[in-house]
Amino acid sequence: MRITRLAAAAGTLAMVLAAAACGGGDNNGGSSGSGGIVDKASSQKKLTIGVKADQPGLGLQTGTTYTGFDIEIAKIVAKGLGVPESGITWKTTVSSNREPFIQQGQVDLVVATYTINDDRKKVVNFGGPYYVAGQDLLVPVNSTITGPEALDGKKVCSVTGSTPAKRIQSDYPKAHLQQFDTYSKCVTALAGGQVDAVTTDDIVLAGYAAQTQNAGKFKLVRKPFSTEPYGIGLKKTDTTGCNKINEILKASATDGSYKQAWESTLGKPAPELDVTKLTNCS
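These numbers come from a predicted model, not from an experiment.

Trainee: Looking at this structure, I do not really get the nonpolar core. What am I missing?
Mentor: Generally speaking, nonpolar side chains in soluble globular proteins are found buried as a group. With 54 residues, the main nonpolar core has Ile49, Phe69, Leu109, Tyr130, Tyr131 and Ile232 as its most contacted residues. Of the residues forming this core, the biggest block, 7 residues, is contributed by helix α3 (residues 69-80). Once residues within four sequence positions are removed from consideration, Tyr130 is found in contact with Phe69, Asp70, Ile73, Val111, Ala112, Thr113, Tyr230, Gly231, Ile232, Leu249, Tyr258 and Leu273. Core analysis: the next-biggest nonpolar cluster, separate from the first, contains 11 residues, Val139, Val156, Ala197 and Val221 among them.

This is how it looks when you write it as structure tokens:
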């Protein structure tokens, strides 16, 4: 009887230890784990990357395929980490869930018109910037809106949780802000006359204006009123991964891959990537 009890106790202990081990793995989920993205890429040759799915020229999903400049930048980073394109799992993100996806380990990286700012840097780390955009306005071709100073009393659409939406709220409080979870819904509202303007980064708005179905309908005001450095988000503690991303971006500026990524998605000419502005990883 005593031996039976001891065996049972040992069996129970083994089950508890096994459960604890499994639990530790579940907490990491799809994340890069304690070793960061460099270790995960090296050992698994796989990465899960969060991207936008509704931004023409930047991150656009058609069926199961994602295309755009951000997608190409993500491929460059993955390749630099030793992960082939076939090892990338794309995961659609929206502005409001980018930090949670990184923190929860649902993605390893986010490359999604992701502005680097002080608030976000408190919870995630950033490689980059790989492009510096500016907030602008997309309006109907016959609109009299000439800039943000003309937004008083106007209905302006942006995305919940985005930097552009917060700037309208803080700097232009007399504008009536309408928020959706995607910019494509804002553009639909603009086309239908439900809002007077859509605001986000100039490069994003230019992509929408250039779509075939929008030809001749909209114009960019072309009066940027912010500076939006696009970064590559990853876990706050992954300093090694952040530094590696910056190394890869530096190489892309000289080996032609950055230029090719831009011109194959956004046309010519490609801007120069200013590697002197890359972040100090923390």
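Trainee: So what exactly am I meant to see when it comes to the confidence of the model for the protein chain here?
Mentor: Any residue range with low pLDDT should be treated as having predicted coordinates unsuitable for detailed reading. Model confidence for the protein chain is summarised by a mean pLDDT of 89, while 88% of its residues fall at 70 or above. Here residues 1-33 is modelled with pLDDT under 50, and outside its nearest four sequence neighbours on either side it reaches 17 contacts, counting other chains as well.

Trainee: Please clarify how the layout of surface pockets should be interpreted in this entry.
Mentor: Any empty space left between the atoms is revealed when a probe the size of a water molecule rolls over them. Its volume calculated, the largest pocket comes out at about 290 Å³. Lining the largest pocket are 13 residues; nearest its centre among them are Glu72, Lys75, Ile76, Lys79 and Ser257. With 5 residues, α3 is the largest single contributor of residues to the lining of the largest pocket. When grouped by side-chain class, the residues that make up the lining of the largest pocket number 5 nonpolar, 4 polar and 4 charged. Within this model, the second largest pocket holds a volume of roughly 180 Å³.

Trainee: Looking at this structure, I do not really get unusual backbone geometry. What am I missing?
Mentor: Comment: phi is negative for the bulk of residues other than glycine, and the bulk of peptide bonds are trans. Cis peptide bonds are those with omega within 30 degrees of zero, and the linkage from Gly128 to Pro129 qualifies with 10°. For the bond from Lys268 to Pro269, the omega torsion is -5°, close enough to zero to count as cis. Within the element layout of this structure, Pro269 appears in the segment after α10 (257-263). Of note in the backbone geometry, Lys45 takes a positive phi value of approximately 55° without being a glycine. Considering the arrangement of structural elements, one finds Lys45 in the loop between α2 (36-44) and β1 (47-51). Note on Lys45: relative accessible area 41%, which makes it partly exposed. For Arg222, which is not a glycine, the phi torsion comes out positive at approximately 60°. On the secondary structure map, Arg222 appears in the loop between β12 (218-220) and β13 (228-235). Here Arg222 falls in the exposed class, since its relative accessible area comes to 64%.

Trainee: Got a minute to help me understand the pattern of salt bridges in this structure?
Mentor: Pairing between side chains of opposite charge can happen when their charged atoms approach one another. Counted under the stated rule, the structure contains 10 salt bridges. Linking Glu247 and Lys244 is a salt bridge whose minimum nitrogen-to-oxygen distance equals 3.8 Å. Of this pair, Glu247 and Lys244 both sit in helix α9 (residues 239-255), separated by 3 residues, roughly a single helical turn. Glu247 gets classed as partly exposed once you look at its relative accessible area, which sits at 48%. On the accessibility criterion, Lys244 (28% relative accessible area) is partly exposed. Linked by salt bridges that have partners in common, Glu72, Lys75 and Glu85 make up one network.

Trainee: Honestly, the packing of α3 against α9 in this entry has me stumped. Any pointers?
Mentor: Packed helices, taken two at a time, are described by the angle their axes make and the gap between the axes. In the contact formed by α3 and α9, the axes pass within 9 Å of each other and the chain directions differ by 110°. As summarised for this structure, α3 and α9 are arranged roughly perpendicular, according to the angle between their axes. In this structure, α3 crosses over α9, and the sense of that crossing is right-handed. Counted together, Ile76, Val77 and Gly80 of α3 and Lys244, Ile245, Ile248 and Ser252 of α9 form the full contact between these two elements. The residue makeup of the contact of α3 with α9, split by class, is 4 nonpolar, 2 polar and 1 charged.

Calculation criteria
Residues numbered from 1 in each chain as written. Predicted model: local features only at pLDDT ≥ 70, side-chain atom pairs only at ≥ 80, totals over all residues. Heavy atoms only, no water. Core = buried A, V, L, I, M, F, W, Y, C linked by side-chain atoms within 4.5 Å. Buried < 20%, exposed > 50% of the residue type's maximum accessible area, 1.4 Å probe, protein only. Helix = DSSP H or I, 4+ residues; strand = E, 2+ residues; numbered from the N terminus. Contact = heavy atoms within 4.5 Å. pLDDT = per-residue confidence, 0-100. 1 Å grid on protein atoms, 1.4 Å probe; cavity = no way out; pocket = protein on both sides within 12 Å on 5 of 7 lines; lining within 4 Å. Points joined across faces, edges and corners; volume = space filled by probe spheres on them. Nonpolar A, V, L, I, M, F, W, Y, C, P; charged D, E, K, R; others polar. Salt bridge = Lys/Arg side-chain N within 4 Å of Asp/Glu carboxyl O. Axes fitted to C-alpha atoms, helices over the stretch in contact; angles between N-to-C directions. Parallel < 35°, antiparallel > 145°, perpendicular 65-115°, else oblique. Left-handed = near helix turned anticlockwise from the far one by under 90°.

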